[in-house]
Amino acid sequence: MADDMLKSENLPQNPERATLEGRNKFMGFWFFLGGETVLFASLFGTYLALKNSNAQGPSAEEIFGLELVFIMTIVLLTSSLTSVYAMYHMKNNDFKKMQLWIGITVLLGLIFLGFEIYEFYHYVHGYEFGYTTSAFSSAFYTLVGFHGAHVAFGLGWFLSLMIRNSKRGINLYNAPKFYIASLYWHFIDVVWVFIFTVVYLMGKVG
Amino acid sequence: MADNTNSTSEKQQFYRKKHKEEMKHHVLTFVMMIAFTLIAFGLVMADVSAMFTIPIILIMAAVQVAFQLYYFMHLNQEGHEMPALMIYSGIFAAFLTILALTTIVWW
């Protein structure tokens with residue numbers, strides 16, 4: 001092997017699977033995503049079972065506003081695309097552009113979180129819809145809040161990768177890390193697709 | 001290989017082209033996902049009957065997720081047999097979990 005693979009210009013095509021360590025982490029991460037799927041399924045199942053138990057408190061139809069949810073959905077979907085752009089530039093070995101697109105992704109994630117915090121604040125203060133108001137409210141806040149916590153964790157992950165590797169450039173050591181973080185971000189988006197469909201849209205339909 | 005700079009740059013050009021091609025697919029995927037989202041929200045806002053709307057929006061969510069998994073998360077690329085096994089096992093267990101938790105309240 002004449003090419004020095006550790007140098008960024010000779011980065012292999014799929015850095016996340018180029019070394020044994022990378023392959024193990026790649027596989028382990030997908031295993032983790034399988035587990036996360038089940039975890040979110042139990043929260044979705046709980047929500048579906050309890051969504052009509054509102055104990056004289058506000059019902060789903062009364063409080064949900066589709067405009068805000070629509071904006072949040074577009075923001076998160078777009079952030080999924082921007083992280084794809086980041087991986088595109090990573091594969092072309094363009095570190096600055098990769099950092100820029102991850103930065104945009106983080107910004108969109110922050111906007112999403114801001115909207116979610118506003119939404120929860122609005123429910124609690126505008127509708128007296130607290131965590132302990134009804135079985136419906138507990139199930140709702142647990143499911144949507146857990147997703148929000150995942151978004152916050154993903155933002156921390158991206159930011160720490162960006163800061164830690166800001167002077168390193170792309171290499172075989174950190175490229176898999178960026179790749180795995182972007183997989184996690186897409187998974188967050190996958191969960192949100194089900195949240196806006198099952199919680200908000202189905203809540204409005206009744 | 002290292003001394004032949006010409007072939008290295010050719011290789012790079014080939015991969016750049018390949019990445020560009022992939023990126024086009026990704027943008028197309030994104031456009032489709034936005035379109036599905038618009039249709040789902042449109043159906044709910046237009047007050048179409050629930051018996052019709054709910055199955056349609058659930059199917060559209062499933063299709064969107066398939067797009068995410070296969071294009072954005074690269075499940076369509078080779079060497080993804082094990083990840084596919086992992087995520088499908090997860091989806092299978094998830095299906096059973098939701099089935100159990102929802103049917104338990106129906107009786």
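Residues numbered from 1 in each chain as written. Chains lettered and ligands numbered in written order. Predicted model: local features only at pLDDT ≥ 70, side-chain atom pairs only at ≥ 80, totals over all residues. Heavy atoms only, no water.

Details of the confidence of the model for chain A
This is how it is decided: Think of pLDDT as the predictor's per-residue confidence, scored from 0 to 100. In DSSP terms, a helix is any run of H or I states spanning at least four residues, a strand is any run of E spanning at least two, and both are numbered starting from the N terminus.
Averaged over every residue, the pLDDT of chain A is 91; the share at 70 or more is 96%. No element of chain A has a lower mean pLDDT than helix α2 (residues 60–63) of chain A, which averages 90, and none a higher one than helix α5 (residues 135–164) of chain A, which averages 96.

Here's the deal with the packing of aromatic side chains
Residue and element names in this part refer to chain A. Defined as follows: The rule is short: rings of Phe, Tyr and Trp, with Trp giving its six-membered ring, pair when the centres are within 6.5 Å, and they are stacked under 30 degrees, edge-to-face over 60, tilted in between. Residue burial is assigned from relative accessible area. The probe radius is 1.4 Å, only protein chains are included, and a residue is buried under 20% of its type maximum, exposed over 50%, and partly exposed in between.
Counting across every chain of the model gives 33 aromatic pairs over all chains. Taken together, a centroid distance of 6.3 Å and an interplanar angle of 45° make the contact between F26 and Y179 tilted. Remark: Y179 occurs in helix α6 (residues 175–205) and F26 occurs in helix α1 (residues 20–50); sequence separation between them is 153 residues. We classify F26 as buried; its relative accessible area is 1%. Ring centres of F64 and F140 lie 5.3 Å apart, and the angle between their planes is 40°; on these two criteria the pair is classed as tilted. Of this pair, F64 sits in the loop between α2 and α3 (66–91) while F140 sits in helix α5, and the two are 76 residues apart along the sequence.

Some remarks on the UniProt feature "transmembrane region" (unreviewed entry) in chain A
All names here are of chain A. Cut-off, in case you're wondering: UniProt positions are given in the numbering used here, feature names are shortened, and annotations may be inferred rather than shown by experiment.
The UniProt entry lists residues 27–48, 68–88, 100–118, 138–163 and 183–203 under the feature "transmembrane region" (unreviewed entry), expressed in the numbering used here. A helix fraction of 100% and a strand fraction of 0% characterise residues 68–88, whose end C-alpha atoms lie 30 Å from each other. For residues 138–163, the helix share is 100%, the strand share is 0%, and the end-to-end C-alpha distance is 37 Å.

Some points on the pattern of salt bridges
Where charged atoms from two side chains of opposite charge come close, those side chains can pair. All names here are of chain A. Convention followed: We count a salt bridge whenever a side-chain nitrogen from Lys or Arg sits within 4 Å of a carboxyl oxygen from Asp or Glu.
One pass over the full model with this rule turns up 2 salt bridges over all chains. Here K25 ties to E21 by a salt bridge, and the two come within 2.6 Å at their closest N and O atoms. With K25 and E21 both in helix α1 and 4 residues apart, the pair spans about one turn of that helix.

Quick word on the domain arrangement of chain B
Residue and element names in this part refer to chain B. Threshold: Boundaries between domains were set according to an automatic or database domain assignment. In what follows, a contact means two residues having at least one pair of non-hydrogen atoms within 4.5 Å. Values labelled buried area give the accessible surface lost by two parts on being combined, using a 1.4 Å probe and summing over both. Counting of polar contacts relies on pairs of N or O atoms within 3.5 Å, with two restrictions inside protein: one atom must be capable of donating a hydrogen and the other of accepting it, and residues adjacent in sequence are counted only when both atoms are side-chain atoms.
Partitioning chain B into structural domains gives domain 1 (1–76) and domain 2 (77–107). For domain 1 and domain 2, the distance between their C-alpha centroids amounts to 22 Å. Each partner contributes to the interface: domain 1 provides 7 residues, whereas domain 2 provides 7 residues. The contact between domain 1 and domain 2 buries some 560 Å² in all, and 53% of this surface belongs to carbon and sulfur atoms. Ranking the residues of domain 1 by area buried against domain 2 places L69, H74 and L75 at the top, with a combined share of 63%. Counting across the domain 1 and domain 2 interface gives 0 salt bridges. At the surface where domain 1 touches domain 2, the tally comes to 4 residue pairs in polar contact (both at pLDDT 80 or more).

Looking at unusual backbone geometry
Phi angles above zero are rare outside glycine, and Q56 of chain A is one such case at about 65°. When you line up the elements, Q56 of chain A lands in the loop between α1 and α2. In this structure Q56 of chain A comes out as exposed when scored by relative accessible area, which is 83%. Positive phi, close to 65°, is recorded for H74 of chain B, a residue that is not glycine. By the element assignment, H74 of chain B lies in the loop between α2 (50–72) and α3 (81–103).

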